[in-house]
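# Descriptive analysis of the structure
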Amino acid sequence: MRALRSFTVRPRIPPELAPLEALAMNLRWAWDTQTRDLFRWVDPEAWDASIHDPVRLLSLVSQERLETLRADPGFTRFMGEVHHELRRYLEHPRWFQSRREGDGDGDGGGGRTALRSVAYFSPEFGIAEALPQYSGGLGVLAGDHLKAASDLGVPLVGIGLFYRHGYFRQAQNPDGWQVENYPDLDPYAMALTLCEGVRVTVDLARQPLHAQLWRADVGRVPLYLLDADVEENPVDLRQVTDRLYGGDTEHRLRQEILLGIGGVRALEAVGVDAQVFHTNEGHAGFLGLERVRRSMLDDGLGFDEAVEAVRAGSIFTTHTPVPAGIDRFPRPLMDEYFSGWAAECGVSVDDLMALGHRPGDPPDEPFNMAVMGLRLAGRANGVARLHGAVSREMFADLWGGVPVDEVPITSVTNGVHADTWVSPEMSDLLGRHVLPEWSEAGPERWGRITAAGDDELWRAREQGRARLVAFVRRRLAESVLARGLSRSDVSWCDQVLDPGALTVCFARRFATYKRATLLLAQPERLKLLVGSADRPVQFVFAGKAHPADEPGKEMIRQVVAFTHDHDVRHRFVFLEDYDIAVARTLCHGADVWLNTPRRPQEACGTSGMKAALNGALNCSVLDGWWDELFDGENGWAISSAETVEDEDRRDEIEANSLFELLEEQIVPLFFDRFGGPVPRRWVQRMKHGLHTLGPEVLASRMVRDYVERLYEPTAAQDEKVNVAGHGPARDLAAWKARVRGAWDEVRVRSVATSDQVADLGTERVVNAVVALGTLSPADVEVQLVHGPVGQHDEIELAEAVTMVPADGDASRFAGRFSCDRTGRYGFTVRIVPHHPDLASPVELGRIAWA
């Protein structure tokens, strides 16, 4: 029998315990130990039954228990202290508020300005397992970004969607194939508050889609989630926000219209005047189109002028080095859903499509969301140093003749939120040896970890591993029982894993390029590692494949099939339903964190960062963040055979490298116990890993980088371009059109210099004669580019010097440089557009070379 209507019954909390509700409704409990301890005190059994969700806990606890707590002075005193600490956290100045004026200029021009508000758009947010609005790395990163922004006091607001069925819960059928189950989520039973009276409407192919708005408080940061499941919508439109990454291409387009266009309107509806718009991957990219539309209709700007106005305050972060990972929408769908937008803005659909097209694309080419994101953002970045380089090469054609290393895509390496991911034992140890507020410590303070006692650090590692073993045994037994076996049939689960064995963990999305099955390519070598009696090694795997990714599901099936072998099942396990809780436990307990992507297809890969903060040692291909932070001693690097075109042969070579590391270095080092029960040489490597990686992998470092290198320069650019009725934006658009139209006439006519041989340190003078056509010297910058040259006369480590007009002649320029190293050295001359309001001197993609 199905209920006609359903509703949520909330508990009746005694007035004396009212702070419990305030504490439960602010998601800071997800990373604050004291708040979690308080809720555990409320009812330990109900706390575990609630999956550590305070809102659900308060619905489970009995009225009798609440009355007992009300009369308990110890509890009410502790509750008051925790509540006071929350208020202090929310109200007192933090890093952002306390910085001295003038510190830390941003790169890319603009310096510091008054940063009022950043709107951070993402299709998913991983805050806590109790708010399952995430699928994996992108969402968890977004959640860590919000938490770190809150801790630092950055004025940021998050915008996303509320998915009524979230992402799927994972199970396995008897053959080991992934089975997806979608839960029904009740927002009234979560740490969410409905924004009463707020409705946002967007157009979906001439159908209005209405959405309500939920607010989650992530510490100091508000997160707004749009929800289309409202009675005003017909049944099909109520399903727009049903599942994260579910449905067909049209369904995804509808979701992204609501996220981008609806998100901008939601901010206006709740009174947020965002200054900087940060798009976390391309899914929310349509926010740029909404802002263009508003600039045209509200401010009277032309299309190109509106684009300049929007670009000034926009940042686009790309997260994928794989073209197949980018959303692309076919022309017929774009016609159907955006012809109204084009008509309202007075432009053609071809003009719109050009925003999502590469140079040379035909008009019917699918609309590329990443290309639009880059075209409508004044600043863009990848999420690791290597990923930035890959992105510059991947999108270089958008900037014409600009050298790949100068393509205006920078990088901010991701980080992880310390208090969310570090175990209590490790946090306590770091607090004693690094700094009480260790997550705010700089590199010099992290060096103090080397003075920690070996026994002390090893004890923290053993506690994390023991907790992981207990967790795996419990989850494995639950999984087997759920498939219909009896309790006597699952008794073997009580012996799974060894708290003293070397524990290797692999946990991430099962995509083919991540190669979760690389170890399985040599099963006999793997069995020798797992079956060793005196040096036992155990492996824990976890992860989900996208529901439409059949190759990814096949990889899970292969891993699961290997765990069914009776010879290895005690030492090789696959954990179902990977989520934040599973990830946290694995990071706490891993000795070695394994990562095996095909380089350079990993954008960043933050799971290894979380493990590193807990003392685990990474064993990874040099991809993502590991490429820039591995120093030869803080973990191990798996060889990458990128020059081998045959993928099977490449996998074989890299699998051999992995097994050699395990057999010859990792296992012997872990079981080197000649000095007693503690593996001292292993612990020394742990200390070195914490010292060198600790300050670099933190989300607080990441968000500070965003503030100083991107948010503040973008705010300055927006302030500069969008003042006085957007006059500078209008002027910049007109100037760009004039420069583009005249650029074919711009060239370097001749270059003259002194002798072919120069002494070290001597100054060299270069003269150039240029032709500017109808442009003036103020429209360009003539640059002398110099540096050491390589085998084919290419300039390496190039430096650019601005040449100055010579002899009062607008066609003659002079420049000078010093030869600061011996060997072959070279130079060239080029002309680039110049305007004080450009975010990058190469953003027009126009360069005239000698």
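Residues numbered from 1 in each chain as written. Predicted model: local features only at pLDDT ≥ 70, side-chain atom pairs only at ≥ 80, totals over all residues. Heavy atoms only, no water.

## A short note on the layout of surface pockets
A volume near 1400 Å³ is recorded for the second largest pocket. Around the second largest pocket, the lining is made up of 48 residues, and of these Gly 137, Leu 138, Arg 509, Tyr 513 and Lys 514 lie nearest the centre. At the level of elements, helix H8 (137-152), helix H23 (580-589) and helix H24 (607-613) are the ones that each hand at least two residues to the lining of the second largest pocket. Here the element with the most residues in the lining of the second largest pocket is H8; it accounts for 4 residues. Grouping the constituent residues of the lining of the second largest pocket by class yields 22 nonpolar, 14 polar and 12 charged. (1 Å grid on protein atoms, 1.4 Å probe; cavity = no way out; pocket = protein on both sides within 12 Å on 5 of 7 lines; lining within 4 Å. Points joined across faces, edges and corners; volume = space filled by probe spheres on them. Helix = DSSP H or I, 4+ residues; strand = E, 2+ residues; numbered from the N terminus. Nonpolar A, V, L, I, M, F, W, Y, C, P; charged D, E, K, R; others polar.)

## Description of the confidence of the model for the protein chain
Averaged over the protein chain, the pLDDT score is 94; the fraction of residues at 70 or greater is 97%. A low-confidence stretch, residues 104-111 (pLDDT under 50), is modelled with 21 contacts involving residues beyond four sequence positions or located in other chains. (pLDDT = per-residue confidence, 0-100. Contact = heavy atoms within 4.5 Å.)

## Overview of helix H2 (residues 33-42)
Turn by turn, an α-helix covers 3.6 residues, leaving residues three or four places apart pointing in a common direction. For H2, every residue scored as buried is listed here: Thr 35, Arg 36, Leu 38, Phe 39 and Val 42. Buried residues of H2 fall within an arc of 155° about the axis and therefore sit on the same side. On its buried face, H2 is in contact with helix H1 (18-24), helix H3 (44-49), helix H4 (54-60), helix H5 (63-70), helix H6 (73-91) and H23. (Buried < 20%, exposed > 50% of the residue type's maximum accessible area, 1.4 Å probe, protein only. Arc of directions from axis to C-beta.)

## Considering the packing of helix H18 (residues 424-433) against helix H20 (residues 454-482)
In the contact formed by H18 and H20, the axes pass within 8 Å of each other and the chain directions differ by 160°. Comparing their axes, H20 and H18 come out roughly antiparallel. In this structure, H18 crosses over H20, and the sense of that crossing is left-handed. Of the residues in H20, those touching H18 at Pro 424, Glu 425, Met 426, Leu 429, Arg 432 and His 433 are Glu 456, Leu 457, Ala 460, Gln 463 and Arg 467. Taken together, the residues of the contact of H18 with H20 sort by class into 5 nonpolar, 2 polar and 4 charged. (Axes fitted to C-alpha atoms, helices over the stretch in contact; angles between N-to-C directions. Parallel < 35°, antiparallel > 145°, perpendicular 65-115°, else oblique. Left-handed = near helix turned anticlockwise from the far one by under 90°.)

## Let's talk about the nonpolar core
Within the largest apolar cluster, 105 residues are counted, with the highest numbers of intra-cluster contacts made by Leu 502, Phe 510, Phe 539, Leu 586 and Trp 682. Per element, the largest residue contribution to this core is 10 residues, and it comes from H20. Ignoring any residue separated from it by four or fewer positions in sequence, one finds Trp 682 in contact with Trp 458, Leu 502, Asp 591, Val 592, Leu 617, Trp 636, Ile 666, Leu 669 and Phe 670. (Core = buried A, V, L, I, M, F, W, Y, C linked by side-chain atoms within 4.5 Å.)

## Observations concerning the pattern of salt bridges
Per the counting criterion, the structure on display carries 61 salt bridges. Arg 215 is paired through a salt bridge with Asp 217; the nearest N and O atoms lie 2.8 Å apart. Using a relative accessible area of 30% as the deciding quantity, one classes Arg 215 as partly exposed. In this structure, Lys 736 and Glu 843 form a salt bridge, with 2.6 Å as the shortest nitrogen-oxygen distance. Of this pair, Lys 736 sits in helix H29 (residues 727-742) while Glu 843 sits in the loop between strand E27 (825-833) and strand E28 (848-849), and the two are 107 residues apart along the sequence. For the pair Lys 736 and Glu 843, one class covers both residues: buried. Through salt bridges that share partners, Arg 515, Arg 598, Glu 647, Arg 650, Asp 651 and Glu 654 make up one connected network. (Salt bridge = Lys/Arg side-chain N within 4 Å of Asp/Glu carboxyl O.)

## Considerations on empty space enclosed by the protein
Rolled over the atoms, a probe as big as a water molecule pinpoints where empty space is left. Going through the model one piece at a time under the given rule, you end up with 8 cavities of 30 Å³ or more. By volume, the largest cavity is sized at about 100 Å³. Taken together, 13 residues line the largest cavity, and the ones lying closest to its centre are Thr 279, Gly 285, Leu 287, Gly 373 and Leu 376. Counting residues per element, the ones that place at least two in the lining of the largest cavity are helix H11 (287-299), strand E10 (314-317) and helix H15 (369-375).

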